[in-house]
Amino acid sequence: MLLLGIDIGTSSVKISVVDAASQKAIASAQYPDEESPIIALHPGWAEQSPEMWWEQVQRAVTICHKTASYDPADIEAIGIAYQMHGLVLVDKNQNVLRNSIIWCDSRAVEIGDKAFEAIGPQKCLQRLLNSPGNFTASKLAWVKQNEPDSYSRIDKMMLPGDFIAMKLTGEITTSVSALSEGIFFDFFDNRLSKEVIDYFGFDTGLFPDIRPVFSSRGSLVARVADKLKLKAGIPVAYTAGDQPNNALSLNVLNPGEVAATAGTSGVIYGVSDQLACDQQSRVNTFAHVNYTEEKKRLGVLLCINGVGSLYRWLKNLLGEGANYLQMNREAASAPAGSEGLRILPFGNGAERMLNNKLVGAHFHHIDLNIHSRAHLIRAAQEGIAFSFRYGLDIMRSNGMDPTVIRAGKNNLFLSELFTETFVNITGVPVELYKNDGSVGAALGAGIGAGIFSSPARAFEHMHPVQLVEPAFNQLEPVYQDWKTLLEKQVAN
């Protein structure tokens, strides 16, 4: 019995086919090879085409089938992970009305800030556990204010994963987890937020039917099944945002457990059973995949926009022939501290942990007689690790103090230098696992379809491939210098 996991990333779509018995991926594929474009019509804007995601899903499934390592007829359920906070709008014929305003878009920050003050900071933090910020609700309000024609034709608004589920099943549904990440959900009353809907003047008819994360979101329709060479009628049994899903893929489901990822963005994600929040909304609290009204499980999320995005930018800048493996090796040839070179990696939109400021990326203390490519690459890795430490200290001040962090051995965690820097500067051991978001989505589908009797059963064969423990932290003075530079920049 096989499970299909789909991960809708900012850079590409990843597909994995997982054997339910062994809980291991037997085939994977990614499309495209080059990173997907982000449309930025103005500074701070970021959009992608939902139809591009759907085309990429179809291409990736086809590529995966070509491995001939499984029979597609044996796939029994589909799960979806997706980039969080994006806004997808469709009309009554399920046609997309405009490009998706994605997670790192900053145009709605002012709208969210005004909503925070108008609704009331304490009411927002008590009921929403967050400021509206530049999350999905504020993005929808931006469309309402600036594109009234598009807004008037909306039948349903969705998160990106809801859209892909719609393309597979023809049904439009969502979940409490999705609504909470969009800042549409009232945790105090366990319903759509009347305060947010009334303040922005949204029609409740815009919101899809709500289903549990682990449940059927509809069945694969025949025309799509034929095109993808899958069985018609199999369920889409799981849909979750990429960070809750990444936590699921690492079996992070219980209070006190913590996951991290260092892809396009960087995230530390801890599970809590308390309806609590950061008073400045620098870290955010959403419903985790296993949240219920009776058994509250919250995901406390630190997000840094400019992580893999900085590393990708640097790779492109280095020109033809540069690749991540080579960059990782080159970085190790420069000394710790990069001989004074400091990089603030915040050039991918407003940073929540910096109070939604557009700080930008900055390079400090470049010495043209000393610094080489290797220094530049190492300073980028160090700056990214320092940003994780800065955010983790905010989480610690809010009661989330991990004794171990679980991460997938992928993206920047493929770099031994980055992993060691991360571990030493945070002082927290890291367990590395082979699982990734697409495997997590497949296992989530197995849980949602009842193939696994419990989430614990879905991970009974999962073991870490590596444990990295803290050594002497020689970079603490370097971090403090970096932090001073950051706080001066934020104060400007």
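Rules used in this analysis
- Residues numbered from 1 in each chain as written.
- Predicted model: local features only at pLDDT ≥ 70, side-chain atom pairs only at ≥ 80, totals over all residues.
- Heavy atoms only, no water.
- Core = buried A, V, L, I, M, F, W, Y, C linked by side-chain atoms within 4.5 Å.
- Buried < 20%, exposed > 50% of the residue type's maximum accessible area, 1.4 Å probe, protein only.
- Helix = DSSP H or I, 4+ residues; strand = E, 2+ residues; numbered from the N terminus.
- 1 Å grid on protein atoms, 1.4 Å probe; cavity = no way out; pocket = protein on both sides within 12 Å on 5 of 7 lines; lining within 4 Å.
- Points joined across faces, edges and corners; volume = space filled by probe spheres on them.
- Nonpolar A, V, L, I, M, F, W, Y, C, P; charged D, E, K, R; others polar.
- Phe/Tyr/Trp six-rings, centres within 6.5 Å; stacked < 30°, edge-to-face > 60°.
- Lys NZ or Arg CZ within 6 Å of the ring centre and 35° of its normal.
- Axes fitted to C-alpha atoms, helices over the stretch in contact; angles between N-to-C directions.
- Parallel < 35°, antiparallel > 145°, perpendicular 65-115°, else oblique.
- Contact = heavy atoms within 4.5 Å.
- Pairing = 2+ DSSP bridges.
- Disulfide = S-S within 2.5 Å.
- Salt bridge = Lys/Arg side-chain N within 4 Å of Asp/Glu carboxyl O.

Novice: Just give me the short version of the nonpolar core, but keep the residues and values in it.
Specialist: With 71 residues, the main nonpolar core has Leu140 and Phe202 as its most contacted residues. In terms of residue count, helix α15 (residues 437-448) provides more of this core than any other element does, 6 residues in total. With 55 residues, the next largest nonpolar core counts Phe346, Val359, Leu376 and Leu432 among its residues.

Novice: I'd love a proper account of the layout of surface pockets, names of residues and values included.
Specialist: The computed volume of the largest pocket comes to approximately 1,400 Å³. Within the residue set of the lining of the largest pocket, elements represented by two or more residues are β1 (2-8), α10 (242-249), β14 (258-262), β17 (298-304), α11 (308-318) and α12 (324-331). Examining the composition of the lining of the largest pocket, we find that 6 residues originate from one element, α11, more than from any other. For the lining of the largest pocket, the residue count by class is 15 nonpolar, 22 polar and 10 charged.

Novice: Pulling in residues and values, what's your account of the packing of aromatic side chains?
Specialist: The geometry of two aromatic rings is summed up by the distance between their centres and the angle between their planes. Here the structure, examined in full by the defined rule, presents 20 aromatic pairs. An angle of 25° between the planes, with centres 5.9 Å apart, marks the rings of tyrosine 479 and tryptophan 482 as stacked. Linking tyrosine 479 with tryptophan 482, this pair stays in helix α17 (residues 476-491), spanning 3 residues, or about one helical turn. Each member of the pair tyrosine 479 and tryptophan 482 is classed as buried. Three or more aromatic residues joined by ring pairs make a cluster, and in this case those are Phe184, Tyr199, Phe200, Phe202 and Phe207. Note that arginine 107 overlies the ring of tryptophan 45, its terminal NZ or CZ placed 3.6 Å from the centroid. Here the basic side chain of lysine 144 rests over the ring of tyrosine 151, its NZ or CZ set 5.9 Å away from the ring centre.

Novice: Describe in detail the packing of α12 against helix α13 (residues 373-397), supporting the description with residues and values.
Specialist: Where α12 meets α13, the axes come as close as 8 Å, and the angle between the chain directions of the two elements is 95°. Judged by the angle between their axes, α12 and α13 are roughly perpendicular. Between α12 and α13, the residues in contact are Gln326, Met327, Asn328, Glu330 and Ala331 and Arg373, Ala374, Ile377, Arg378 and Gln381, respectively. Residues belonging to the contact of α12 with α13 are distributed by class as follows: 4 nonpolar, 3 polar and 3 charged.

Novice: Explain the sheet that holds strand β3 (residues 24-31) to me, and be specific about the residues and the numbers.
Specialist: What the 5 strands build is an open sheet, ordered β3-β2-β1-β5-β13; its pairing is mixed. Every other strand in the sheet has two partners, leaving β3 and β13 (236-241) as the edge strands with one partner each. The sheet shows a mean angle of 15° between the axes of neighbouring strands, taken without regard to direction. Note that strand β2 (residues 13-19) and β3 share 7 bridges and pair antiparallel. Each residue of the ladder has a partner; that of valine 18, found in β3, is alanine 25. Contacting β1, β2, β3, β5 (75-82) and β13, α15 crosses the sheet at an angle of about 130° to β1.

Novice: Which residues make up empty space enclosed by the protein, and what values do they have?
Specialist: Counted under the stated rule, the structure contains 1 cavity of 30 Å³ or more. In this structure, the largest cavity spans a volume of roughly 40 Å³. In this structure, the largest cavity is lined by Gln23, Lys24, Asn435, Leu443, Ala458, Phe459, His461 and Met462. Residues that form the lining of the largest cavity fall into these classes: 4 nonpolar, 3 polar and 1 charged.

Novice: Outline the sheet that holds strand β15 (residues 266-272), supporting the account with residue identities and numerical values.
Specialist: Ordered in space as β16-β17-β15-β14-β20-β21-β22, the 7 strands form an open sheet in which the pairing is mixed. Because the sheet does not close on itself, it has two edges, and the strands there are β16 (284-287) and β22 (466-468). When strand polarity is set aside, the average angle formed by the axes of neighbouring strands in this sheet is 25°. With 3 bridges joining them, strand β21 (residues 430-433) and β22 adopt antiparallel strand pairing. Its bridge partner being in β22, leucine 432 is matched across the sheet by glutamine 466. Here α13 sits on the sheet in contact with β14, β15 and β17, set at roughly 145° to β17.

Novice: Explain the state of the cysteines to me, and be specific about the residues and the numbers.
Specialist: As used here, a disulfide is simply a covalent bond connecting the sulfur atoms of two cysteines. Under the criterion given, the structure shown has 0 disulfides. The closest cysteine sulfur to the non-disulfide-bonded cysteine 104 is located on cysteine 303, 9.1 Å from its own sulfur. Under the relative-accessibility criterion, cysteine 303 is labelled buried at 6%.

Novice: Would you mind going over the pattern of salt bridges in detail, with residue names and values included?
Specialist: Considering all chains together, one arrives at 29 salt bridges under this definition. Linking arginine 59 and glutamate 55 is a salt bridge whose minimum nitrogen-to-oxygen distance equals 2.9 Å. Note that arginine 59 and glutamate 55 are positioned in helix α1 (residues 50-65) at a spacing of 4 residues, about one turn of the helix. With its nearest N and O atoms 2.9 Å apart, the salt bridge here joins arginine 389 to glutamate 476. One end of the pair, arginine 389, is in helix α13; the other, glutamate 476, is in helix α17, with 87 residues separating them in the sequence. Shared partners join several salt bridges into a network, and the residues in it are Glu47, Arg98, Asp105, Arg107 and Glu147.

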